[in-house]
Amino acid sequence: MFERVLVANRGEIAMRVIRACFDEGVRSVLAASETDLDSLPATASDEVICIGPANAAASYLNVGAVVAAALLADCDAIHPGYGFLSERPELVTACERHGVTFVGPSAEAIRRGGDKIEARELARSLDVPVGAGSSTVSTAQAAAEVAEGVGYPVLLKAAAGGGGRGMRLVPGRERLEAAVRDAGREAEAAFGDGRLYVEHYVERARHVEVQVLADRFGQTVHLGERDCSYQRRYQKLVEEAPASGLPAELQRQIREAAVTLMRAMGYVGAGTVEFLVDVEQETFFFLEVNTRVQVEHPVTEMVTGIDIVREQLRIAAGQSLSFGQDDVVLRGHAIEFRINAESPERDFAPSPGLLTAWSPPAGSGVRVDTHCFPGYRVPPNYDSLLAKLICGGATREEALDRAACALESFQVTPIDTTLSMHRALVRHPDVREGRVTTRWVEDVFFPAWKRRTAEQAIVRQVMTA
Amino acid sequence: MAGERAEFRRVFRAFEESDWDEIHLSLDGVELHLQAAASSEVTESSDVYGPSAASQVLTPGSVPPAADATTAKAESTSTPVGNTADADVVRAPSPGIFWRSPSPGAPPFTDVGVQVEVGTPLCIVEVMKLMNTVPAPCEGTVVEVCVANGQQVDAGQALFLIRPGE
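Residues numbered from 1 in each chain as written. Chains lettered and ligands numbered in written order. Predicted model: local features only at pLDDT ≥ 70, side-chain atom pairs only at ≥ 80, totals over all residues. Heavy atoms only, no water.

A closer look at the overall build of chain B
A count of helices and strands for chain B gives two helices and 11 strands. For chain B, the sequential pattern of α-helices and β-strands runs α-β-β-β-α-β-β-β-β-β-β-β-β. Counting across all 166 residues of chain B, residues that qualify as buried make up 40%. For chain B, the proportion of contacts with a sequence separation of at least 24, taken over those separated by at least 6, is 54%. Total accessible area computed for chain B in this model is approximately 8,600 Å², and 51% of it derives from carbon and sulfur atoms. (Helix = DSSP H or I, 4+ residues; strand = E, 2+ residues; numbered from the N terminus. Buried < 20%, exposed > 50% of the residue type's maximum accessible area, 1.4 Å probe, protein only. Contact = heavy atoms within 4.5 Å. Areas by Shrake-Rupley, 256 points an atom, 1.4 Å probe, with all protein chains shown as cover.)

Encoded structure:
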């Protein structure tokens, strides 16, 4: 096992990695920007090294700063968390070059996973279903031919995109030319790679992803799947494990497809394979691979009892998986709510600032992953995630009931958070009945909720006038 | 102490062998700042120092030197032009990071002496990765840029002074 691990991230995931290091008996060295030197992870880790100014480009996104920090602080490994440099092959190759172990897959696996077209082709070659569509389309004409074949509406996606970025919905032939031109230009500007591909658009879909763990000895197992259909602008708000209501055969096929794909990639570490389930057709197809630990990993941990981040450390240190596929048993149900410093009432405007009160819930079946504390000043420089609230139960209903109570008692003052929205979401009949698809939050839940809260605000104004 | 020197040597060597631009590390009260020279020959330069007196043009996403915010402000903000007594103050709508240009390397939205109209974009205040463009609230001439590029601002902080009128 490693002696000293550089935790090259911040916020709640830094806390998570530090905790895993502690559990494994490894010393943690937090790589923090100047703004984060007085953060909770900085007090929790064994040591702290400052890697630059608040601006992420100069610190958390600076490969040289992160690797040099590992050398200066005498660390034998770097854990990149999620986001930032976690899926940048440059960090992996720099680690290899300077004798530091990267806690994650190889640079090649990251590159292959990051190229969405290549990943799609790999899936197809393994007979893993892919969305009807194409590989690279270079012209509007080529795109039109594919779109005619699969039927409109279609999605135009960037090969170097992913996570919802670089995607465009094209409702019909008339919009295609402009879409190809604009999407290509945007992709080139944003990712330095203007390649596009076309995919059939599924109206009623569920986002189902499978957690995979693989060691250096070729052992690849899945830890079941998650449903992450609660999305707004392709950003996940809520996640569940397992994906309830999936036909058993479909569930089996999805899990198996994930393992097949990861094995073929020679993947080592923790990774996730994302699929789209066509609710009407009861079919599934491969979307993309995420070559890092994910934000929503706790729901899988809660239903399997497996510590995914500790397994990452063990795998990276060269240990073999201590369990096989048959040892992986999913019990009960878990649901996670992302608590962001955003105001859903004001169109999710960011709301950084000083927390005068921070009082998360606790108790059996309630887990809170956070870096916040009363008196913490949420900085405006980074993303808005404050905490993840994960609730579990023997059944999905129990998990939801527990979540409703936990959300009620979660107090945050004075900044706005997405708690208000989650409190309504967890009680919604569509959620209870398991009718949520990827369009649900934006098309069904949010407009009605916004209207209701606006009405309530008016009523309050009138009453106090 | 020998151990520390060994680690510093490893860092210098790694920096030399790589194509890294700039790193600024701080560990146990020791600061290490390495910056690749602009010329094709990569020379190593290291100094142990406190707040830097150097300022540099910063743009969104660029790697800024570890400059002390107040020093950078004194050096990079413009000198007020003309009479600022009757000027309108444009304030930050939220806390965030002040950017003078729409994107890295692009020319700034505006500058001292520029004529603006109601709605003319003046700057971006970035909050949690959201880029908010701040528009001019009135017609007039920009007479002062109050904040340095890349500086963190509080809600309500003065960003520009605009003298209304033609």
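Still more to cover.
Remarks on the sheet that holds strand S8 (residues 165-170) of chain A
Residue and element names in this part refer to chain A. Taken in spatial order, the four strands make up an open sheet running S6-S9-S7-S8, and their pairing is antiparallel. Two strands bound the open sheet, and with one partner strand each, they are strand S6 (133-137) and S8. Ignoring strand direction, the axes of neighbouring strands in this sheet form an average angle of 20°. With five bridges connecting them, strand S7 (residues 154-162) and strand S9 (residues 196-200) associate as antiparallel partners. (Pairing = 2+ DSSP bridges. Axes fitted to C-alpha atoms, helices over the stretch in contact; angles between N-to-C directions.)

Side note on the pairing of strand S9 (residues 140-145) of chain B
All names here are of chain B. Extensive coverage of S9 is indicated by the burial of six of its six residues. The pairing of strand S6 (residues 115-116) with S9 spans two bridges and is antiparallel. By the bridge assignment for S9, glutamine 115 is matched with threonine 141. In terms of strand pairing, S9 meets strand S11 (residues 158-164) through five bridges, oriented antiparallel. Its bridge partner being in S11, glycine 140 is matched across the sheet by proline 164.

A short note on the pattern of salt bridges
Opposite charge on two side chains permits pairing when their charged atoms draw close. All names here are of chain A. Inspection of the entire model under this criterion finds 47 salt bridges over all chains. Here arginine 292 and glutamate 87 are joined by a salt bridge, their closest N and O atoms 2.6 Å apart. With arginine 292 in the loop between strand S14 (283-290) and helix H10 (297-304) and glutamate 87 in the loop between strand S4 (77-79) and helix H4 (89-97), this residue pair connects regions lying 205 residues apart in the sequence. Two residues, arginine 338 and glutamate 239, come together in a salt bridge whose shortest N-O distance is 2.7 Å. (Salt bridge = Lys/Arg side-chain N within 4 Å of Asp/Glu carboxyl O.)

With respect to the interface of chain A and chain B
Listed per partner, the contact involves 36 residues of chain A and 30 residues of chain B. In this assembly, chain A packs against chain B so that about 2,600 Å² is buried in total across both faces, 65% of it on carbon and sulfur atoms. When residues of chain A are sorted by the area they lose upon contact with chain B, Leu71, Leu72 and Pro380 of chain A head the list and together hold 24% of the total. A salt bridge links arginine 10 of chain B to aspartate 74 of chain A; the shortest N-O distance between them is 3.8 Å. The interface formed by chain A and chain B contains seven residue pairs in polar contact (both at pLDDT 80 or more). Put simply, the parts of the chain that give the side of chain A that touches chain B at least two residues each are strand S3 (47-50), helix H3 (63-72) and H4 of chain A. Looking at the side of chain A that touches chain B element by element, the count peaks at eight residues for H3 of chain A. Of the residues contributing to the side of chain A that touches chain B, the split by class is 24 nonpolar, eight polar and four charged. (Buried area = accessible area lost by both parts, 1.4 Å probe. Polar contact = N/O pair within 3.5 Å; in protein donor to acceptor, adjacent residues only side chain to side chain. Nonpolar A, V, L, I, M, F, W, Y, C, P; charged D, E, K, R; others polar.)

Description of the side chain of glutamate 126 of chain B
Mapped onto the elements of the fold, glutamate 126 of chain B is located in strand S7 (residues 121-127). In this structure glutamate 126 of chain B comes out as buried when scored by relative accessible area, which is 11%.

What about the sheet that holds strand S4 (residues 88-91) of chain B?
All names here are of chain B. The strand order across the open sheet built from four strands is S4-S11-S9-S6, with neighbouring strands paired in antiparallel fashion. Looking along the sheet, the strands with just one partner apiece sit at the ends: S4 and S6. With four bridges connecting them, S4 and S11 associate as antiparallel partners. Directly across from arginine 91, in S11, lies its bridge partner alanine 158.

Focus on helix H15 (residues 440-464) of chain A
Residue and element names in this part refer to chain A. For H15, which comprises 25 residues, the first-to-last C-alpha distance of 35 Å matches the rise-based estimate of 36 Å (1.5 Å per residue) to within 8%. In H15, a bend of some 40° at phenylalanine 446 exceeds every other bend along the element, and proline 447, a proline, comes one to four places later. Residues Trp440, Val441, Phe445, Phe446, Trp449 and Thr453 constitute the buried set of H15. On its buried face, H15 is in contact with strand S11 (220-232), strand S12 (235-241), helix H13 (419-425) and helix H14 (429-433). (Expected span 1.5 Å × (residues − 1). Bend = angle between axes of the 7 residues up to and from the residue.)

Quick look at the environment of glutamine 35 of chain B
The topology assignment puts glutamine 35 of chain B in strand S2 (residues 30-35). Along the primary structure glutamine 35 of chain B and phenylalanine 15 of chain B are separated by 20 residues, whereas in three dimensions their C-alpha atoms are 9.0 Å apart.

Considering the environment of arginine 439 of chain A
Positionally, arginine 439 of chain A belongs in the loop between H14 and H15. Filtering out sequence-adjacent residues up to four positions away, arginine 439 of chain A remains in contact with Tyr201, Glu203 and Val444 of chain A.

Digging into the nonpolar core
In terms of nonpolar packing, the biggest core is built from 74 residues, with Leu6, Ile49, Ile78 and Leu213 of chain A together with Leu25 of chain B touching the most fellow members. Here the element with the most residues in this core is H3 of chain A; it accounts for nine residues. Excluding anything up to four places from it in sequence, isoleucine 49 of chain A contacts Leu6, Val29, Leu30, Ala31, Ala32, Ala69, Leu72 and Ala73 of chain A together with Ser26 and Leu27 of chain B. Counting 62 residues, the second-largest nonpolar core is a separate cluster that includes Val238, Ile339 and Trp440 of chain A together with Val116 of chain B. (Core = buried A, V, L, I, M, F, W, Y, C linked by side-chain atoms within 4.5 Å.)

Notes on the packing of H3 of chain A against H4 of chain A
All names here are of chain A. Put simply, H3 and H4 touch, their axes get as near as 10 Å, and they point 30° apart. It follows from the interaxial angle that H3 and H4 lie roughly parallel. Crossing of H3 against H4: the hand is right-handed. Across the interface between the two elements, Val63, Val66 and Val67 from H3 touch Glu90, Leu91, Ala94 and Cys95 from H4. Grouping the constituent residues of the contact of H3 with H4 by class yields six nonpolar, no polar and one charged. (Parallel < 35°, antiparallel > 145°, perpendicular 65-115°, else oblique. Left-handed = near helix turned anticlockwise from the far one by under 90°.)

Section: the environment of phenylalanine 284 of chain A
Residues and elements named next belong to chain A. Considering the arrangement of structural elements, one finds phenylalanine 284 in strand S14. Looking at phenylalanine 284, the relative accessible area reads 8%, which means it is buried. In the structure, phenylalanine 284 is positioned 156 residues away from valine 128 in sequence and 9.4 Å away in space, judged by C-alpha atoms.

A word on the pairing of strand S8 (residues 130-135) of chain B
Residue and element names in this part refer to chain B. For S7 and S8, the ladder comprises six bridges, and the chain directions are antiparallel. Bridge pairing in S8 places isoleucine 124 opposite threonine 133. Between S7 and the antiparallel strand that follows it, S8, lie two residues; methionine 128 among them carries a positive phi value of about 45°.

A look at the packing of aromatic side chains
Residue and element names in this part refer to chain A. Under the defined criterion, the tally for this structure stands at 14 aromatic pairs over all chains. Arranged with centres 5.2 Å apart and planes meeting at 45°, the rings of phenylalanine 373 and tyrosine 376 form a pair that is tilted. For phenylalanine 373, a relative accessible area of 25% translates into the label partly exposed. For tyrosine 376, a relative accessible area of 5% translates into the label buried. In textbook terms, an aromatic cluster arises when at least three aromatic residues are bridged by ring pairs, as seen for Tyr230, Phe348, Trp440, Phe445, Phe446 and Trp449. (Phe/Tyr/Trp six-rings, centres within 6.5 Å; stacked < 30°, edge-to-face > 60°.)

Shape descriptors only; they carry no functional weight alone.
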